[in-house]
Amino acid sequence: MPFLLLLAGCAASPSRAPAPAAPEAPRPPPLTYAETNLNATLWAQGTVEHDMAYRGIYAQATRQITLALKQKDWDALPKSERKKPARGLKPAVIVDVDETVLDNSPYQARLIRDGKEFDEYSWDQWCREQRALALPGALEFAQAAAAKGVTVFYLTNRAQHLNEATLANLRGAGFPVAEKETVFLGLGTVVEGCEASGSDKGCRRELIGRRYRVLALVGDQLGDFIDVDNNTVAARAEAAKPYANWFGERWFMLPNPTYGSWDSALLGNQRGAEAPVKHQIRRDALRTE
């Protein structure tokens, strides 16, 4: 009898409700280019370290062109691009535009804000706004060169349809733009007797060298100084090696951690890969020793 009562009691007791499932942890948003570029853009946009690096490099470049003017055989063109002797030619300097003289960090910031990657349409819209400011030291360098009778050439890989907007931006920012010379050489400039590969600048540098001796090259990418046939990490290092002593003397490299051919080389030129894939490739490229 007690056994039957026990069974009855068990049958009468309410069944225990299953424990509630633990809330699922929120999943992080998919990795985007914007997120991987956040720190680099903040550094480029809001630090004294960035600004003083630019000012220091431009100050050195200004001092060097003063010395170069006194040396009639001084020339900063890569040796393969110098087709006639530099002696006796008028003096010039060649500068890149984006992240060299004009600051496009607001465009990068917009990509981060909107969670987007670079695309031609948004880039065109930004360029047409003509709101890029002069980078620290760039304006003083260009104006000092012009004051010494040195022609400033602007060598850019912006597309041809952005030429007028870019020129207007440069003039509005105060950069000297010679009126009696074509000093703006954008992507697609035809150079008679020289065939460029892709966005390489060698033919355009050679064109300038036909009439000018070049006192200095200023840029933020290796391609602003010399063409690289194969954009790999090893090939880039090998191409720069013969000119190692020119950096800081004839060639002036500015820091740009936000974008560039250096990143494409690290990615194995897989620029079209999905953001998580590119992120993993970058992580795998890290050296820990």
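The present account deals with the structure reproduced in this document. Keep in mind that what you see is a predicted model, and the values were worked out from it rather than measured. (Residues numbered from 1 in each chain as written. Predicted model: local features only at pLDDT ≥ 70, side-chain atom pairs only at ≥ 80, totals over all residues. Heavy atoms only, no water.)

1. Comments concerning the packing of helix α4 (residues 48-70) against helix α7 (residues 138-147)
Here is the rule we go by: A fitted line through C-alpha atoms serves as each axis, taken over the contacting stretch for helices, and the angle formed by two N-to-C directions is quoted from 0 to 180°. Strands here mean DSSP runs of E at least two residues long; helices mean DSSP runs of H or I at least four residues long; both are numbered from the N terminus. Oblique is the label for every angle not falling under 35 degrees (roughly parallel), over 145 degrees (roughly antiparallel), or within 65 to 115 degrees (roughly perpendicular). Any two residues having at least one pair of non-hydrogen atoms within 4.5 Å are treated as being in contact. Residue polarity is assigned by list, with Asp, Glu, Lys and Arg as charged and Ala, Val, Leu, Ile, Met, Phe, Trp, Tyr, Cys and Pro as nonpolar; anything else, Gly included, falls into the polar class.
Packing of α4 against α7 leaves a shortest axis separation of 9 Å and a crossing angle of 10 degrees. Between α4 and α7, the crossing angle belongs to the class labelled roughly parallel. Packed against α4, whose contacting residues are Arg-55, Tyr-58, Ala-61, Thr-62 and Ile-65, the element α7 presents Ala-138, Glu-140, Phe-141, Ala-144 and Ala-145 at the interface. Classifying every residue of the contact of α4 with α7 gives seven nonpolar, one polar and two charged.

2. A closer look at the sheet that holds strand β6 (residues 212-219)
Which entries qualify depends on this criterion: Each pair of strands is called paired provided DSSP finds at least two bridges between the two strands.
Across the sheet, which stays open at both edges, the five strands sit in the order β5-β4-β1-β6-β7 with parallel pairing between neighbours. Each edge of the open sheet carries a strand with a single partner, namely β5 (184-185) and β7 (251-253). Across four bridges, strand β1 (residues 90-95) lies against strand β4 (residues 151-155) in parallel orientation. Looking across to β4, one finds that Val-93 is bridged to Val-152. Its contacts with the sheet put helix α9 (residues 202-209) on β1, β4, β5 and β6, and the angle it makes with β6 is roughly 145 degrees.

3. A word on helix α3 (residues 38-46)
Formally: Only protein chains enter the accessibility calculation, which uses a 1.4 Å probe. A residue is then buried if its area is under 20% of the maximum for its type, exposed if over 50%, and partly exposed in between. To obtain the arc, one takes the directions from the helix axis to the C-beta atoms.
Among the residues making up α3, those that are buried are Ala-40, Thr-41 and Ala-44. In an axial view of α3, the angular spread of the buried residues amounts to 95 degrees, which keeps them on one side of the axis. Opposite its buried face, α3 presents the exposed residues Asn-39 and Gly-46, each directed more than 90 degrees away. Buried residues in α3 make contact with α4 and α5 (105-114).

4. Section: the packing of α3 against α5
When two helices pack together, you describe them by how their axes are tilted relative to each other and by the distance separating the axes. To keep things clear, this is the line we draw: Note: crossing handedness is left-handed where the near helix turns anticlockwise from the far helix by less than a right angle, and right-handed where it turns clockwise.
The N-to-C vectors of α3 and α5 enclose an angle of 150 degrees; their axes lie 10 Å apart at closest approach. Relative to α5, the element α3 is oriented roughly antiparallel. Of the two elements, α3 crosses α5, and the hand of that crossing is left-handed. Taking contact as the criterion, the partners of Leu-38, Thr-41 and Gln-45 in α3 are, on α5, Ser-105, Pro-106, Gln-108, Ala-109 and Ile-112. Each residue belonging to the contact of α3 with α5 can be placed in one class, and the counts come to four nonpolar, four polar and no charged.

5. Quick notes on the state of the cysteines
As a reminder of what qualifies: By convention in this document, the label disulfide applies to cysteine sulfur atom pairs within 2.5 Å.
Scanning the model with the defined rule gives one disulfide in all. Here Cys-194 engages in a disulfide with Cys-203; their sulfurs sit 2.0 Å apart. Disulfide Cys-194-Cys-203: the torsion about the S-S bond is -75 degrees, which places it as left-handed. Given a relative accessible area of 22%, Cys-194 falls into the partly exposed group.

6. Focus on the nonpolar core
Formally: By convention a nonpolar core is built from buried Ala, Val, Leu, Ile, Met, Phe, Trp, Tyr and Cys residues, the set being connected through side-chain atoms within 4.5 Å.
The biggest cluster of nonpolar side chains holds 58 residues, and the ones touching the most others in it are Val-93, Val-101, Tyr-154 and Phe-175. Those residues within four positions of Tyr-154 in sequence are excluded, and the remaining contacts are Val-95, Val-97, Ala-142, Leu-170, Phe-175, Pro-176, Val-177, Val-183, Phe-184 and Leu-185.

7. Brief notes about helix α8 (residues 163-172)
Of the residues making up α8, those classed as buried are Asn-163, Ala-165, Thr-166, Leu-167, Asn-169 and Leu-170. Looking at the packing, one finds that the buried side of α8 touches β2 (102-103), α6 (120-129), β4 and β5. Trailing α8 by a residue or two, Gly-174 shows a phi angle of about 100 degrees, which is positive.

8. Thoughts on the packing of aromatic side chains
Operational definition: Planes of paired rings set the category: under 30 degrees apart is stacked, over 60 is edge-to-face and the rest tilted, where pairs are Phe, Tyr or Trp rings (Trp by its six-membered ring) whose centres lie within 6.5 Å. Cation placement over rings: the criterion is NZ of Lys or CZ of Arg within 6 Å of the ring centroid and within 35° of the ring normal.
In this structure the tally under the stated criterion is twelve aromatic pairs. Centre to centre, the rings of Tyr-107 and Trp-123 are 5.3 Å apart; their planes meet at 70 degrees, and the pair counts as edge-to-face. Separated by 16 residues along the polypeptide, Tyr-107 in helix α5 and Trp-123 in helix α6 bring together distant segments of the chain. On the numbers, 5.5 Å between centres and 35 degrees between planes, the contact of Phe-225 with Trp-251 is tilted. Pair noted here: Phe-225 is in the loop between β6 and α10 (233-240) and Trp-251 is in strand β7, with a separation of 26 residues, a long-range link. Note on Trp-251: relative accessible area 0%, which makes it buried. By the ring-pair criterion, three or more aromatic residues cluster together here, those being Phe-225, Tyr-243, Trp-246, Phe-247 and Trp-251. The side chain of Arg-250 reaches across the aromatic face of Trp-246, ending 5.0 Å from its centre.

9. Concerning the side chain of Asp-124
Operational definition: Working convention for charge: Lys and Arg count positive, Asp and Glu count negative, and His plus the chain ends are omitted. Salt bridge, as used here: a side-chain nitrogen of Lys or Arg that lies within 4 Å of a carboxyl oxygen of Asp or Glu. What qualifies as a polar contact is a pair of N or O atoms within 3.5 Å, subject to a donor-acceptor requirement within protein and to the restriction that residues adjacent in sequence count only when both atoms come from side chains.
The topology assignment puts Asp-124 in helix α6. Despite being buried, Asp-124 has no salt bridge partner; Arg-128 is the closest side chain of opposite charge, sitting 4.9 Å away. Here the side chain of Asp-124 touches His-161 through a polar contact of 2.8 Å, side chain to side chain. Sequence-distant contacts of Asp-124, that is, excluding residues within four places in its chain, are made with His-161 and Leu-162.

10. Description of the pairing of β4
To keep things clear, this is the line we draw: Clockwise travel from the first strand over the helix to the second, with the strands pointing away from the viewer, marks a crossover as right-handed.
When you tally the buried positions in β4, you get five out of five residues, the bulk of the element. Because side chains alternate across β4, one face comprises the buried residues Thr-151, Phe-153 and Leu-155, and the other comprises Val-152 and Tyr-154, equally buried. Inspection of the sheet shows β4 paired to β5 by two bridges, in the parallel sense. What sits directly across from Leu-155, in β5, is Leu-185. Handedness of the crossover joining β4 and β5 through α8: right-handed.

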